[in-house]
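Tertiary structure, described
Residue-level listing of the chains:
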Amino acid sequence: MKATVIEMANLLDETDRRILTVLDGDPRRPVALIAQDLGLARGTVHARLERLESGGYLRAHSSRVLPRALGRGVSASIMVELDQHQITAAINALSRVPEVLECFAPAGDTDLLLRVVAKDPDDLYRVAEVVRLCPGILRTSTSLFLREVIPYRVSALLHAD
């Protein structure tokens, strides 16, 4: 079972944050070198990383792959309005669309917010249509991302309290 945000905040102590800071700088750094860098036992680092990974606190390794490396250089968000009786069917269908990278349930008028990728604008149109035709989806609105101005990052959070 995945922990909640509050449980996560309580779970990460200073040692966890130090380990994660090293990994944020070099995700491929071996456990033995992390332990050496931080003056910790290799077993301690390994056990903590296992706990964080099994608890759902670490992103999948595939999140390092840039979609443009896979020929998907166009990014967009799609706001989705749902038939509230078909939320589960919609989410299940969306999870099978490979171009849907993330799906959030925000507060407000939008039921779901998707981050999608495509090969080009024509392909984005195709992806938006695949999303729109999923069961339970009533309406969509697509916004094209022109440029990434602040890339995904967590390093500052590791040092914040």
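The sections below set out a description of the structure shown in this document. (Residues numbered from 1 in each chain as written. Predicted model: local features only at pLDDT ≥ 70, side-chain atom pairs only at ≥ 80, totals over all residues. Heavy atoms only, no water.)

**With respect to the pattern of salt bridges**
Counted according to the given criterion, the structure contains ten salt bridges. Close ionic contact of R48 with D13 constitutes a salt bridge, the shortest N to O distance being 2.8 Å. Taken as a pair, R48 in helix 4 (residues 42-54) and D13 in the loop between helix 1 (5-11) and helix 2 (14-25) lie far apart in primary sequence, 35 residues in all. Of the charged contacts, one joins R132 and E129 as a salt bridge, the two residues approaching to 2.7 Å between their closest N and O atoms. Pair noted here: R132 and E129 are both in helix 6 (residues 121-132), with a separation of three residues, about one helical turn. Overall, the relative accessible area of 35% leaves R132 in the partly exposed class. Residue classification places E129 among the partly exposed positions, given a relative accessible area of 22%. Within this structure, D13, D16, R48 and R51 form a network of salt bridges that share partners. (Salt bridge = Lys/Arg side-chain N within 4 Å of Asp/Glu carboxyl O. Helix = DSSP H or I, 4+ residues; strand = E, 2+ residues; numbered from the N terminus. Buried < 20%, exposed > 50% of the residue type's maximum accessible area, 1.4 Å probe, protein only.)

**Some remarks on the packing of aromatic side chains**
Counted according to the given criterion, the structure contains zero aromatic pairs. R59 extends its terminal NZ or CZ atom over the ring of Y152, reaching a point 4.0 Å from the ring centre. (Phe/Tyr/Trp six-rings, centres within 6.5 Å; stacked < 30°, edge-to-face > 60°. Lys NZ or Arg CZ within 6 Å of the ring centre and 35° of its normal.)

**Topic: the sheet that holds strand 2 (residues 100-104)**
The four strands lie next to each other as 2-3-1-4, forming an open sheet whose pairing is antiparallel. Edge strands, defined here as strands with exactly one partner in the open sheet, are strand 2 and strand 4 (137-145). Neighbour-to-neighbour, the strand axes of the sheet open up by a mean angle of 20°, direction not taken into account. Here strand 1 (residues 74-82) pairs with strand 4 via eight bridges, running antiparallel. Bridging across to strand 4, V80 finds its partner in T140. Running at roughly 15° to strand 3 (residues 112-118), helix 5 (residues 87-95) makes contact with strand 1, strand 2, strand 3 and strand 4 of the sheet. (Pairing = 2+ DSSP bridges. Axes fitted to C-alpha atoms, helices over the stretch in contact; angles between N-to-C directions. Contact = heavy atoms within 4.5 Å.)

**Points about the packing of helix 2 against helix 3 (residues 31-38)**
Closest axis-to-axis distance for the helix 2/helix 3 pair is 10 Å, and the angle between their directions is 120°. As far as their axial angle goes, helix 3 and helix 2 are oblique. Note on packing geometry: the crossing formed by helix 2 with helix 3 is right-handed. Note on element contacts: helix 3 touches helix 2 through I34, D37 and L38, opposite R18, I19, V22 and L23. Considered class by class, the residues forming the contact of helix 2 with helix 3 number five nonpolar, no polar and two charged. (Parallel < 35°, antiparallel > 145°, perpendicular 65-115°, else oblique. Left-handed = near helix turned anticlockwise from the far one by under 90°. Nonpolar A, V, L, I, M, F, W, Y, C, P; charged D, E, K, R; others polar.)

Scope: geometric values only; no functional claims are made or implied.
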